[in-house]
Amino acid sequence: MRSITLFTGQFADIPLEILVTKAHQWGFDGLELGGHIDLHKASTSQEYCQEILSLLSKNNLKLFAISAHLVGQAVCDHIDERRHRSILPEHVWGDGESEGVKQRAAKEVIAAAYAAKNLGIKIVTGFTGSSIWHLLYGFPPIDPQQINEGYEDFAKRWKPILDEYKKCNVYFALEVHPSEIAFDIVSAERTLNAIDNHPSFGFNFDPSHFGYQGVDYIEFLCRFKSRIFHVHMKDVDFDWNHPCEAGVFGGHTIFGDPRRFFNFRSLGRGKINFEKIIRTLNQINYQGPLSVEWEDGDMDREVGAQESLQYVRRLDFKRGNIQFDAAFSK
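Residues numbered from 1 in each chain as written. Predicted model: local features only at pLDDT ≥ 70, side-chain atom pairs only at ≥ 80, totals over all residues. Heavy atoms only, no water.

## So, helix α12 (residues 274-283)
Now for step 1: Taken together, the buried positions of α12 are Phe274, Ile277, Ile278, Thr280, Leu281 and Asn282.
Now for step 2: Buried residues along α12 sit against β6 (201-205), α11 (217-223), β7 (228-233), β8 (235-238), β10 (290-292) and α13 (301-315).
Now for step 3: N-capping of α12 is provided by Asn273, with a side-chain oxygen placed 3.4 Å from the backbone N of Glu275.
Now for step 4: Positive phi shows up at Asn285, right after α12, with a value of about 65°. (Buried < 20%, exposed > 50% of the residue type's maximum accessible area, 1.4 Å probe, protein only. Helix = DSSP H or I, 4+ residues; strand = E, 2+ residues; numbered from the N terminus. Contact = heavy atoms within 4.5 Å. Polar contact = N/O pair within 3.5 Å; in protein donor to acceptor, adjacent residues only side chain to side chain.)

As structure tokens, this is what we get:
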């Protein structure tokens, strides 16, 4: 059976010393650290890394992945103080000059690879940002060359990062997501082509961000089966049969607003077909962790984390190796 982990990003305000105790008591097998680790320090200090690993070990937890979502976002984005300063460490933000921020963010994503190496793990999950997300809607008319230049910019900034990942024998798993260079199947294929299918680059599969877009998330697993480096278990509610006030673009409302077309939900309370996902993960032989990224604005997060763990534990199963027609014909 696959290990079930907790992504700590939604619990970043709880000190790690307290959160690991809770995660153990709830029954998780391990953690995906997001917001609970100093990437730069972990890249240079074995002592610091050992402190983290010892803390987890004392609570019978393992570390499976670390997150570079926030710093990764700044590598390709158009930098805006209102959007980026609050999510970046001060040493990455610096003076706020756009190109400088991007370059320092790239160094921090590289630091995450060395941090992962020092921690004895293989996966860094994260975002890439995108210089062309604002061009998503095709009006005013967009010159296709603008899109080409966006992927060229991504490749220019990320190939050197990924080369460092290869040196560390660590893999970067992009969470395919609106506002990133890859946000559906077509853009994911173009992303891989842009970096010449770099072996250190793959995906953190999160079905919630496909569901409300109408993207076939089962096909995503099948299409990129060798590139599924990590899996987020996250649910979302939406209803194509009932019009709403704020559509797929959200209408500038905040998450949780009932007027929205979609809102994230505790696992099993949304529309994602996790039964089919588990069966497909078995078919593509994904043996990595199932990381619960819990989010539901209507529910207490500690209650939600526990019920989501129980849901995944009940749903996951080991693939059989018996062909029943053949077995019964003997």
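## Description of the environment of His40
Now for step 1: You can see His40 is positioned in helix α2 (residues 39-44).
Now for step 2: Overall, the relative accessible area of 43% leaves His40 in the partly exposed class.
Now for step 3: Along the chain, His40 and Phe220 lie 180 residues apart, while their C-alpha atoms are 33 Å from each other.
Now for step 4: In contact with His40, other than residues within four places in its own chain, are His91, Glu108 and Ala111.

## Here we look at the packing of aromatic side chains
Now for step 1: What the rule picks out here adds up to 26 aromatic pairs.
Now for step 2: Seen in terms of ring centroids, Phe220 and Phe224 are 4.7 Å apart; in terms of plane orientation they differ by 55°. Their pairing is tilted.
Now for step 3: Classification of Phe224 as buried rests on a relative accessible area of 5%.
Now for step 4: Each residue in the set Phe154, Trp158, Tyr165, Phe172, Phe201, Phe203, Phe205, Phe210, Phe220 and Phe224 is aromatic and connected to the rest through ring pairs, giving one cluster.
Now for step 5: Over the ring of Phe264 we find Lys234, and its NZ or CZ is 3.9 Å from the ring centre.
Now for step 6: One residue, Arg260, lies across the ring of Phe262, its end atom 4.6 Å from the ring centre. (Phe/Tyr/Trp six-rings, centres within 6.5 Å; stacked < 30°, edge-to-face > 60°. Lys NZ or Arg CZ within 6 Å of the ring centre and 35° of its normal.)

## A short note on the nonpolar core
Now for step 1: Of all hydrophobic cores here, the largest spans 100 residues; its most connected members are Ile66 and Phe220.
Now for step 2: Leaving out residues up to four positions away in the same chain, Phe220 has contacts with Val176, Asp184, Ile185, Ala188, Phe203, Phe205, Phe210 and Ile228. (Core = buried A, V, L, I, M, F, W, Y, C linked by side-chain atoms within 4.5 Å.)

## Notes on the packing of helix α4 (residues 69-76) against helix α8 (residues 144-168)
Now for step 1: Following both chains from N to C, one finds α4 and α8 inclined at 135°, their axes separated by 9 Å at the closest point. Considering their axes alone, α4 and α8 lie oblique with respect to each other. Only Asp153, Phe154, Arg157, Trp158 and Ile161 of α8 make contact with α4, whose side of the interface consists of Gly72, Val75 and Cys76.
Now for step 2: In the contact of α4 with α8, the residues fall into 5 nonpolar, 1 polar and 2 charged. (Axes fitted to C-alpha atoms, helices over the stretch in contact; angles between N-to-C directions. Parallel < 35°, antiparallel > 145°, perpendicular 65-115°, else oblique. Nonpolar A, V, L, I, M, F, W, Y, C, P; charged D, E, K, R; others polar.)

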